[in-house]
Amino acid sequence: MSVYLGKVELQSRDHLPHFHNITDEVKRIVAESGIKNGICTVYSHHTTCSVMTQESSHDTNYYGREYMQM
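The structure presented is a predicted model; accordingly, all values stated were derived computationally and were not measured.

(A) Region of interest: helix H1 (residues 23–33). All of the buried residues in H1 are Thr23, Val26 and Ile29. Mapping the buried residues of H1 onto a view down its axis gives an arc of 130°, with all of them on the same face. Residues of H1 that are exposed and point more than 90 degrees away from the buried face comprise Asp24, Lys27 and Ala31. Of the residues one or two after H1, Gly34 is the one with positive phi, at around 75°.

(B) Structural detail: the environment of Ser44. Mapping Ser44 onto the fold places it in the segment after H1. If near-sequence neighbours (up to four positions away) are discounted, Ser44 is found in contact with Cys49 and Val51.

(C) Inspection of the pattern of salt bridges at higher detail. For the structure on display, the rule yields one salt bridge. With a shortest N-O distance of 2.8 Å, Arg28 and Glu32 are connected by a salt bridge. With a gap of four residues between them, Arg28 and Glu32 both fall in helix H1, about one helical turn apart. Judged by relative accessible area, which is 45%, Glu32 ranks as partly exposed.

(D) Quick peek at a nonpolar patch on the surface. On the surface, Leu16, Tyr62 and Tyr63 cluster together to form a nonpolar patch covering roughly 370 Å² of accessible area. The topology assignment puts Tyr62 in the segment after H1. Judged by relative accessible area, Tyr62 falls into the exposed class, the value being 77%.

What counts, and at which threshold
- Residues numbered from 1 in each chain as written.
- Predicted model: local features only at pLDDT ≥ 70, side-chain atom pairs only at ≥ 80, totals over all residues.
- Heavy atoms only, no water.
- Buried < 20%, exposed > 50% of the residue type's maximum accessible area, 1.4 Å probe, protein only.
- Helix = DSSP H or I, 4+ residues; strand = E, 2+ residues; numbered from the N terminus.
- Arc of directions from axis to C-beta.
- Contact = heavy atoms within 4.5 Å.
- Salt bridge = Lys/Arg side-chain N within 4 Å of Asp/Glu carboxyl O.
- Patch = residues over 30% accessible without salt bridge, like charges linked within 9 Å, V, L, I, M, F, W, Y side chains within 5 Å.
- Areas by Shrake-Rupley, 256 points an atom, 1.4 Å probe, with all protein chains shown as cover.

In structure tokens form, the structure reads like this:
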């Protein structure tokens, strides 16, 4: 069994809640891994952050920022 670890580092803006679209970064990490079949797990180890999957959303949040799309 192969295991590959990739990292995406993010920083919030203006000390406000923010959604980051990490789709391209995750795709890049999966491609770098060279693994063709398996499971990709995305998580945050920080207590004030969460990972949310939202498909085909074009909504904006309270601050006018677009929600994450994955």
